[in-house]
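# A closer look at the structure
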Amino acid sequence: MQAYGNVNDWHHAIGTGPFILTDFVDGTAATLVKNPNYWGYDERYPKNQLPYVSGLKVLVIPAQPTALAAVRAGKIDVIDNVSIQDAQNMKKTNPQILQLTYPSGGTPTVDPRMDVKPFTDINVRIAMQMAINLQDIANSYYAGTCPPYPSSMTSMYMSGWNYPYPQWPASVQAQYAYNPTQAKALLAAAGYPNGFTTNCVASAAGDLTLLQIVQSEFAAVGITMSISVLDSASWSPYVRAHKQDQLCYGGNSSGFTFPPLMGF
């Protein structure tokens, strides 16, 4: 810090990773070359120093359809965070593309401003979680590729970091179980017998189709949620500055949660 001043200048980036950053264009790309002094070796072949590739170029492609089209055309080699629907479609149209699934370290959440009404009332927050049909999302939207449980602050796949849902006390499990009838009763007891209207600021990098499913499930218990979408570069500073006045969606946090996902 004292030697280099502003750490936002990528030229001052240092580390012990497998690659060295040689060029960076904000919102466009990062170029990295192999670190010749990297400490890691292949566990399967202990004599082989890592990494094997000489360099990487990480592209920022905000529009997912554009990124998927680039993969299909062979213009980029790897893409992650592909939805189950896109992965299944690609398997049909481009069976030659290798697909790997991996456990997600987090899960998307809809996060409320708990310092403003109606989210200051814990019963409202419980009602909103009860309105989300995790079982149906896991079975239908994610095609059974993930368990139908809510996720803690970290994914249940990260063993030792938290207690998985089946080990939660029954009273806590009930607060996360799909129960629209009880959700409506809790809203009425909190003073919202007819529900309420709210808004959600969403990142374009998030799964907006999933958010629309949640939007319809909120509507079923009387909660009308509008969605405003910001590009990912704008969303992060917007939310960090607490400019959202109701809900936000796009990261892994501690709000109304969904099943722990498998990534593609």
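Residues numbered from 1 in each chain as written. Predicted model: local features only at pLDDT ≥ 70, side-chain atom pairs only at ≥ 80, totals over all residues. Heavy atoms only, no water.

Let's shift gears to the overall build of the protein chain. Broken down by element type, the protein chain carries eight helices and 10 strands. A buried classification covers 34% of the 264 residues belonging to the protein chain. Taking as baseline every contact in the protein chain between residues at least 6 positions apart, the subset at least 24 positions apart corresponds to 65%. Summed over its atoms, the accessible surface of the protein chain is roughly 15,600 Å², and 55% of this surface lies on carbon and sulfur atoms. Charge-centre separation for the protein chain: the mean point of 14 positive side chains lies 4 Å from the mean point of 16 negative side chains. (Helix = DSSP H or I, 4+ residues; strand = E, 2+ residues; numbered from the N terminus. Buried < 20%, exposed > 50% of the residue type's maximum accessible area, 1.4 Å probe, protein only. Contact = heavy atoms within 4.5 Å. Areas by Shrake-Rupley, 256 points an atom, 1.4 Å probe, with all protein chains shown as cover. Lys, Arg positive; Asp, Glu negative; His and termini not counted. Charge placed at Lys NZ, Arg CZ, Asp CG, Glu CD.)

A few words on the packing of helix α3 (residues 122-130) against helix α6 (residues 180-189). Here α3 crosses α6 at 160 degrees, and the two axes come no closer than 8 Å. In terms of orientation, α3 and α6 fall into the roughly antiparallel class. Here α3 runs over α6; the crossing is left-handed. On α6, the residues touching Asn123, Val124, Ile126, Ala127 and Met130 of α3 are Pro180, Gln182, Ala183, Leu186 and Leu187. By residue class, the composition of the contact of α3 with α6 is eight nonpolar, two polar and no charged. (Axes fitted to C-alpha atoms, helices over the stretch in contact; angles between N-to-C directions. Parallel < 35°, antiparallel > 145°, perpendicular 65-115°, else oblique. Left-handed = near helix turned anticlockwise from the far one by under 90°. Nonpolar A, V, L, I, M, F, W, Y, C, P; charged D, E, K, R; others polar.)

Judged by nonpolar contacts, the single largest core of 32 residues is most densely connected at Met128 and Phe218. Elements supplying a minimum of two residues to this core: α3, α4 (134-141), α6, β6 (196-203), α7 (208-220), β7 (223-230) and β8 (247-249). Counting seven residues, the second largest nonpolar core, distinct from the first, contains Leu68, Ala70, Val71 and Ile76. (Core = buried A, V, L, I, M, F, W, Y, C linked by side-chain atoms within 4.5 Å.)

Let us look at the environment of Pro166. As for its placement among the helices and strands, Pro166 is situated in the loop between α4 and α5 (170-176). Judged by its relative accessible area of 49%, Pro166 is partly exposed. Linking Pro166 and Cys248, residues 82 residues apart in sequence, is a C-alpha distance of 28 Å. For Pro166, the residues in contact, after removing those within four places along its chain, are Tyr149 and Gln173.

Here the focus is α7. Compared with an ideal rise of 1.5 Å per residue, which puts 13 residues at 18 Å, α7 spans 19 Å between its outermost C-alpha atoms and is within 8% of the ideal. Turning to α7, its buried residues number three or more, namely Leu210, Leu211, Val214, Glu217 and Phe218. Taken around the axis of α7, the buried residues stretch over an arc of 115 degrees, which confines them to a single face. Capping of α7 at its N-terminal end is provided by Asp207; its side-chain oxygen lies 3.2 Å from the backbone amide nitrogen of Thr209. Count one or two residues on from α7 and you reach Gly222, which has phi positive near 100 degrees. (Expected span 1.5 Å × (residues − 1). Arc of directions from axis to C-beta. Polar contact = N/O pair within 3.5 Å; in protein donor to acceptor, adjacent residues only side chain to side chain.)

Here the protein chain averages 85 in pLDDT, and 90% of its residues register 70 or above. Of all the helices and strands in the protein chain, strand β10 (residues 262-263) carries the lowest mean pLDDT, 40, while α6 carries the highest, 97. A low-confidence stretch, residues 260-264 stays under pLDDT 50, and its non-local contacts, those more than four residues away or across chains, total 37 contacts. (pLDDT = per-residue confidence, 0-100.)

Relative to the helices and strands, Thr109 is located in strand β5 (residues 109-112). Side chain to side chain, Thr109 and Asp111 meet in a polar contact 3.1 Å long.

Here we take up the sheet that holds strand β2 (residues 29-34). Ordered by their spatial adjacency, three strands build an open sheet running β1-β2-β3, and the pairing between neighbours is antiparallel. Each of the sheet's edge strands pairs with one partner strand only, and the pair in question is β1 (19-25) and β3 (55-59). Each strand axis lies, on average, 15 degrees off the axis of its neighbour in the sheet, ignoring direction. Note: β1 against β2, six bridges, orientation antiparallel. Pairing of Phe24 across the sheet is with Ala30, part of β2. (Pairing = 2+ DSSP bridges.)

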